[in-house]
Amino acid sequence: VFFIQACQGEQFQRAINIEADSNDYDSLPSYQGSNFIESIPEYADFLLGMATIEHFVSYRSPSSGSWYIQSLCRNLKDGCTRGDDLLTILTKVNNEVSKKLDTERNAKQMPQPKFTLRKKIIFPVC
């Protein structure tokens, strides 16, 4: 595990105002009597599940479909039933897909979730 604190450019993220889930304005934070409007970074709460890392191929079997999509669907079905959060599920997908082997080329595939999530995502089971 690596934690790296470093700039990756010179741009600043804009704050985007968010609407409250209710009209209970007393529950919003206030800072020293000022009129505080809750905001989040402009690119917050995105998740992009990539089938593979940059510059590499992803595999698809003509008979059984994409390694990534097949694993993703199976793990979403199982994980949502157990109450797993989405990043836990995607980690299981990464593990499963990384164990597969293209025997013709002796090659592998490594999925990569990219995210700016601020909270866990758990899908309710209906």
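Residues numbered from 1 in each chain as written. Predicted model: local features only at pLDDT ≥ 70, side-chain atom pairs only at ≥ 80, totals over all residues. Heavy atoms only, no water.

Visitor: Is there a simple way to explain unusual backbone geometry in this structure?
Guide: Only a minority of non-glycine residues have a phi that is not negative, and only a minority of peptide bonds are not trans. Of note, Asp 45 is a non-glycine position whose phi angle comes to about 65°, a positive value. Topologically, Asp 45 is positioned in the loop between strand S2 (39-41) and strand S3 (47-50). (Helix = DSSP H or I, 4+ residues; strand = E, 2+ residues; numbered from the N terminus.)

Visitor: I'm lost on the pattern of salt bridges in this one. Help?
Guide: A side chain with one charge may pair with a side chain of the opposite charge, provided their charged atoms come close. Tallied over the entire structure, the rule returns 6 salt bridges. In this structure, Glu 96 engages Arg 74 in a salt bridge whose closest nitrogen and oxygen atoms are separated by 2.5 Å. Linking Glu 96 in helix H2 (residues 86-98) with Arg 74 in helix H1 (residues 67-82), this pair joins segments that are 22 residues apart in sequence. The class of Glu 96 is partly exposed, set by a relative accessible area of 26%. Overlapping salt bridges bring together Arg 82, Asp 84 and Lys 92 as one network. (Salt bridge = Lys/Arg side-chain N within 4 Å of Asp/Glu carboxyl O. Buried < 20%, exposed > 50% of the residue type's maximum accessible area, 1.4 Å probe, protein only.)

Visitor: So what exactly am I meant to see when it comes to the side chain of Asp 84 here?
Guide: Summarising the element assignment, Asp 84 is placed in the loop between H1 and H2. Using a relative accessible area of 16% as the deciding quantity, one classes Asp 84 as buried. Among the polar contacts listed, one links the side chain of Asp 84 to the side chain of Lys 92, at a separation of 3.1 Å. With residues near it in sequence (within four places) discarded, Asp 84 still touches Gly 79, Ile 89, Lys 92, Ile 121 and Ile 122. (Polar contact = N/O pair within 3.5 Å; in protein donor to acceptor, adjacent residues only side chain to side chain. Contact = heavy atoms within 4.5 Å.)

Visitor: Got a minute to help me understand the confidence of the model for the protein chain in this structure?
Guide: Do not read the predicted coordinates in detail wherever pLDDT is low. For the protein chain, mean pLDDT is 82; residues scoring 70 or higher make up 75% of the total. Confidence, read as mean pLDDT per element, is least for strand S1 (residues 15-17) in the protein chain (70) and greatest for H2 (95). (pLDDT = per-residue confidence, 0-100.)

Visitor: Just checking my understanding: could you explain the nonpolar core for this structure?
Guide: Nonpolar side chains tend to gather and get buried jointly when the protein is soluble and globular. Counting residues in hydrophobic clusters, the biggest one holds 9 residues: Tyr 59, Trp 67, Tyr 68, Leu 72, Leu 86, Leu 90, Val 93, Val 97 and Ala 107. Among the secondary structure elements, those contributing two or more residues to this core are H1 and H2. No other element matches H2, which puts 4 residues into this core. If near-sequence neighbours (up to four positions away) are discounted, Leu 72 is found in contact with Leu 90 and Val 93. (Core = buried A, V, L, I, M, F, W, Y, C linked by side-chain atoms within 4.5 Å.)

Visitor: In this structure, what is going on with the packing of H1 against H2? I would like to understand it.
Guide: Geometry of a packed helix pair, given as the angle between the helix axes and the separation of the axes. With their axes 9 Å apart at the nearest point, H1 and H2 run at an angle of 140° to one another. With respect to their mutual orientation, H1 and H2 come out oblique. For the pair H1 and H2, the sense of crossing is right-handed. For the pair H1 and H2, contact is made by Trp 67, Tyr 68, Ser 71, Leu 72, Arg 74, Asn 75, Leu 76, Gly 79, Cys 80 and Arg 82 and by Leu 86, Ile 89, Leu 90, Lys 92, Val 93, Glu 96 and Val 97, respectively. In terms of residue class, the contact of H1 with H2 is made up of 10 nonpolar, 3 polar and 4 charged. (Axes fitted to C-alpha atoms, helices over the stretch in contact; angles between N-to-C directions. Parallel < 35°, antiparallel > 145°, perpendicular 65-115°, else oblique. Left-handed = near helix turned anticlockwise from the far one by under 90°. Nonpolar A, V, L, I, M, F, W, Y, C, P; charged D, E, K, R; others polar.)

Visitor: Please clarify how H2 should be interpreted in this entry.
Guide: Side chains that are three or four residues apart share a direction in an α-helix, a result of its 3.6 residues per turn. Taking 1.5 Å as the rise per residue, H2 with 13 residues should run 18 Å; its terminal C-alpha atoms sit 18 Å apart, in good agreement. Every buried residue of H2 is listed here: Leu 86, Ile 89, Leu 90, Val 93, Asn 94 and Val 97. Each buried residue of H2 sits inside an arc of 145° when the element is viewed along its axis, so together they form one side. Against S3, H1 and strand S6 (112-115) lie the buried residues of H2. (Expected span 1.5 Å × (residues − 1). Arc of directions from axis to C-beta.)

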